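As a plain string of letters, each chain reads:
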Amino acid sequence: MPFDVYLNVAVGGILTGLVYGLMALGLSVIFGVVRVVNFAHGEMMSIAMYLAVVLFSGLHLDPLIMLAPIAAVLFVFGYALQAGLINPFITRPEHSQFLLLVALAIIIVNTLLIVFGPDARTVQTSYAYDSFQLGTLIVDATKLYAGGAAILFAALLFGFFRFTLIGKAIRACADNHTGALVVGLNVRHLYALTFALGAACVGAAGTMMTLIIDVTPMVGPTYTLLAFVIVVTGGLGSMPGALIGGVVIGLTEALAGLLFTPSAKSMFAFAILVLVLLFRPQGILGKRVI
Amino acid sequence: MIRIRTPNRRHLLAGAAATAATLAAPAIGRAQGGPLKVGVLLPRSGFEAGIGQDCQRGVEIAPAIFKSMGLPDLAIMDGDTESSVDTARARAEKLINDGAQLLIGAFDSGQSTAIAQVAEQKGIPFVINIAAAPDITEQGYKFVFRNFPTAAMILGDAFANQKEIFEIVGAAPKTVVFMHVNDTFGTAMSKGIGAVMPKFNMPYTIAEEIPYDPAARDLSVEVAKAKATNADALLLVSRLNDAMLMTRELVKQRWTPQAILSMGPGWYEDQYLKTLGKLADGPLSFVPWYDPNKKLSQKLEAALAKSFPGINLNTNHIFTFEALLVAADAYKRAGSSDPKALADAIRTTNITDNVSIGGGIQFNAKGQNDKVKDGAIQNRGGKLVTLAPKDAANAKPGWPMKSYQDRG
């Protein structure tokens, strides 16, 4: 098979992987600080996808323009969810948290099913069928825009955690919960803020995902599982790890489909997960717990 | 003095007869008329929802036509398989428990196989509208009937119709890539190709076979792999969502094959035509189809146009309608809703005033209609034209496909 085929498929895989990475980044941020695993992560992404579809079909608003507003809506939703529903469960056993979030996921899926029905919905932008050709390399325009937006959004998030006082306070909460309380940080508010940031990430990822795939109410559980595979591969709680994990999984799926059989590409993503768990259980960029 | 009569043998016999008559009353009641309760199982949600809901249109236009044909009323009981084999089985059981006297469905081979097992076990007739996996009618079932060609029949007719088209246009692809869904239907078609294709001496060879997940959300890798073979044409067995995804990828990856030869659903559905507009033009589908020259076809077309303006008559409507036609016809002849009487009546079906291409509706000893034939159709300006077989054709083939990049 010619080299340019591998190159085209690899570039497509990396660009899709970047969006996967941004989605998983939200999960990693929430777990890294709040220590709650969001089992409704993919379902929250499907809310963002439906928002993007509704805004496009109703008002012809391009998903790339609606990226920030939809992320903001998910931010508010995430904050309210954490402050009102999840916060009382933070000190409870993990199985209680698991049941709460799985119940939330089921409620989201069924609400979307009632409101939007089972049909696949799509966003047909003016550039939906565009591609860029550079020599033998053909790059899908929607994937390029989505991947670029994912890098930008992730960079803003890294900047927020590194350079702002609130970001530093959140990191302090993650590093030492008791210490954060001793110095007078409002941990409850910071936890809600962190969950909101994670939800904003998944909101942005979902908005961009509508450029790449069709949305159905059942899309959520698939992406919740995928987000777990990515964060475990990249290192649970590591922000750069989530992005790298996304790219690794996106690339693996793409190349496995090309080299072996496309219908088994997900199997290879899980094979990577098994290898990571066997030989580097803390993930690619995760810290080893001694 | 009052004499107390002790029951003798004659009294006991009379009592037993009265009891038997009372117990038999429901059966007599069933024979006395009223609409036949028909459970219609379709994938109304899930990844096959678009096609399942399209089949439903065939259900909705049937009553008025049946009335004009003097056929009895049917009471439709809806069932949603949710595009899942397990749900199909559970819904079939529920419909029977709720009083369904006959089942129809279920578009998908895997789901139809599960329903067939339940129907046979419960002794309720099951008329398959659409499902091609050959095994379903090879199990020796007594209550399962299929008015739809098997995978081998579809393939045989598809190859014959392709050759007819190649002859008309004076051209043919030398190599094809065979892409197919890896579900029950796709796998059955894949197996069938190996057995059937050599018999037809086709002008092309299969450069590569690419199976894929019917619920896939991105087919970029699959299309890239197919494009890399430099094959002249695509030979396909797909569903609706994946057909749309594949078309988008063909456009994005700037590849217009000489022809798209589809041997399954997807490429001619209304949702495909409406969603893709000009990009939908060109694919050839080799599918069980209707004979536009038959009287009932024209009646069905008119009824569909009245109830669902702008929707083209297609396989989903035709075979769902015909499955109901089989049920109504059998109920009329049986004069009873007793499942065994219905099954016996279906077995002796001989409907010549029908819609699909071929010699009408009859079932062989296995419950298979072996008279039904496929047609070759092409998407043209949002409409569907019939190209083959000659007797049913109403247009000449457009060949080769116009480049996706030149469609404005």
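Worth saying up front: this structure is predicted, and the values here are computed from it rather than measured.

(A) Focus on the overall build of chain A. When its secondary structure is counted, chain A shows eleven helices and two strands. Its helices and strands in sequence order give chain A the pattern α-α-α-α-β-β-α-α-α-α-α-α-α, from N to C terminus. In terms of overall size, chain A behaves like a compact globule, its C-alpha atoms giving a radius of gyration of 19 Å where 290 residues would be expected to give roughly 19 Å. In chain A, buried positions account for 51% of the 290 residues.

(B) Region of interest: the overall build of chain B. In terms of helices and strands, chain B carries twelve helices and twelve strands. Its C-alpha atoms give chain B a radius of gyration of 24 Å, within 12% of the compact-globule value 22 Å for 408 residues. Across its three principal axes, chain B shows a C-alpha extent of roughly 110 × 40 × 35 Å. Taken over 408 residues, chain B has a buried fraction of 55%. Across chain B, every contact between residues at least 6 apart in sequence was considered, and the portion connecting residues at least 24 apart equals 71%.

(C) Fine view of helix α11 (residues 265–279) of chain A. Helix length check: α11 of chain A (15 residues) gives 22 Å between terminal C-alpha atoms against 21 Å at 1.5 Å per residue, within 8%. Along α11 of chain A, the residues that are buried comprise Lys265, Ala269, Ile272 and Val276 of chain A. End-on, the buried residues of α11 of chain A take up no more than an arc of 60°, which puts them together on one face. Of the residues in α11 of chain A, the exposed ones pointing more than 90 degrees away from the buried face are Met267, Val274 and Leu278 of chain A. Tucked into the core, α11 of chain A has its buried residues touching α9 (219–234) and α10 (239–259) of chain A together with α7 (220–228) of chain B.

(D) Helix α3 (residues 67–86) of chain A, seen in detail. Listing the buried residues of α3 of chain A in full gives Leu67, Ile70, Ala71, Leu74, Phe75, Gly78, Tyr79, Leu81, Gln82 and Ile86 of chain A. At its buried positions, α3 of chain A is contacted by α2 (41–59), α4 (94–116), α5 (141–163) and α8 (187–212) of chain A.

(E) Molecular detail of the pairing of strand β8 (residues 233–237) of chain B. Residues and elements named next belong to chain B. Taken across its five residues, β8 has five buried, putting it largely inside the fold. On β8, burial covers both faces: Ala233, Leu235 and Val237 on one face and Leu234 and Leu236 on the other are all buried. Inspection of the sheet shows strand β6 (residues 175–181) paired to β8 by five bridges, in the parallel sense. Counterpart to Met179 in the pairing with β8 is Leu236.

(F) Region of the structure containing the interface of chain A and chain B. Of the residues lining the interface, 23 residues belong to chain A; the matching set on chain B comes to 23 residues. Breaking the side of chain A that touches chain B down by element, the ones donating at least two residues are α1 (3–34), β2 (137–140) and α10 of chain A. At four residues, the largest contribution of residues to the side of chain A that touches chain B is made by α1 of chain A. Here the side of chain A that touches chain B is built from residues that sort into 13 nonpolar, six polar and four charged.

(G) Main features of the sheet that holds strand β4 (residues 126–128) of chain B. Residue and element names in this part refer to chain B. If you trace the five strands from one edge of the open sheet to the other, you get β2-β1-β3-β4-β5, paired in parallel fashion. Two strands close off the open sheet at either side, each with one partner strand: β2 (74–80) and β5 (144–146). Neighbour-to-neighbour, the strand axes of this sheet turn through a mean angle of 25°, independent of strand direction. Inspection of the sheet shows strand β1 (residues 36–42) paired to β2 by seven bridges, in the parallel sense. Within β2, the residue paired with Val38 across the bridge is Ile76.

(H) Expanded view of unusual backbone geometry. All names here are of chain B. A cis amide bond links Ala388 to the next residue, Pro389, at an omega of 0°. On the secondary structure map, Pro389 appears in the segment after β12 (383–388). Not every positive phi belongs to a glycine, and Asn230 is a case in point at roughly 60°. With respect to the element layout, Asn230 can be found in the loop between α7 and β8. Since 11 C-beta atoms lie within 10 Å of it, Asn230 is described here as exposed.

(I) Geometry of the domain arrangement of chain B. All names here are of chain B. Per the domain assignment, the segments of chain B are domain 1 (36–150 + 293–373) and domain 2 (152–289 + 375–406). The C-alpha-based centres of domain 1 and domain 2 are spaced at 26 Å. Opposite the 25 residues of domain 1 that make contact, domain 2 presents 26 residues. Elements that contribute at least two residues to the side of domain 1 that touches domain 2 include exactly α2 (49–68), α4 (109–122) and α11 (315–334). A class-by-class count of the residues in the side of domain 1 that touches domain 2 yields eleven nonpolar, ten polar and four charged.

(J) Representation of the packing of α1 of chain A against α5 of chain A within the structure. Residues and elements named next belong to chain A. Running from amino to carboxyl end, α1 crosses α5 at an angle of 35°, the nearest separation of the two axes being 8 Å. Judged by the sense of rotation from one axis to the other, the crossing of α1 with α5 is left-handed. The segment α1 lies against α5, with Gly12, Leu15, Thr16, Leu18, Val19, Gly21, Leu22 and Leu25 engaging Lys143, Leu144, Ala146, Gly147, Ala150, Ile151, Phe153, Ala154 and Leu157. Looking at the contact of α1 with α5, its residues break down into twelve nonpolar, four polar and one charged.

(K) Region of the structure containing the packing of helix α3 (residues 85–97) of chain B against α4 of chain B. All names here are of chain B. Here α3 crosses α4 at 30°, and the two axes come no closer than 8 Å. Between α3 and α4, the crossing angle belongs to the class labelled roughly parallel. Two packed elements cross with a definite hand, and for α3 against α4 that hand is right-handed. Here Val85, Ala88, Arg89, Ala92, Glu93 and Ile96 of α3 lie close against α4, whose contacting residues are Gly110, Gln111, Ala114, Ile115, Val118, Ala119 and Lys122.

(L) Summary view of the sheet that holds strand β9 (residues 259–262) of chain B. Residue and element names in this part refer to chain B. Pairing in this open sheet of seven strands is mixed, and the strands run β7-β6-β8-β9-β10-β11-β12 from one edge to the other. Edge strands, defined here as strands with exactly one partner in the open sheet, are β7 (205–212) and β12. The sheet shows a mean angle of 25° between the axes of neighbouring strands, direction not considered. The sheet contact formed by strand β10 (residues 284–288) and strand β11 (residues 374–380) spans five bridges and is antiparallel. Directly across from Leu284, in β11, lies its bridge partner Gln378.

Cut-off values and rules
Residues numbered from 1 in each chain as written. Chains lettered and ligands numbered in written order. Predicted model: local features only at pLDDT ≥ 70, side-chain atom pairs only at ≥ 80, totals over all residues. Helix = DSSP H or I, 4+ residues; strand = E, 2+ residues; numbered from the N terminus. Rg over C-alpha atoms; globule rule 2.2 N^0.38 Å. Buried ≥ 20, exposed ≤ 12 C-beta atoms within 10 Å, placed from the backbone. Contact = placed C-beta atoms within 7 Å. Expected span 1.5 Å × (residues − 1). Arc of directions from axis to C-beta. Pairing = 2+ DSSP bridges. Nonpolar A, V, L, I, M, F, W, Y, C, P; charged D, E, K, R; others polar. Axes fitted to C-alpha atoms, helices over the stretch in contact; angles between N-to-C directions. Domains from an automatic or database assignment. Left-handed = near helix turned anticlockwise from the far one by under 90°. Parallel < 35°, antiparallel > 145°, perpendicular 65-115°, else oblique.

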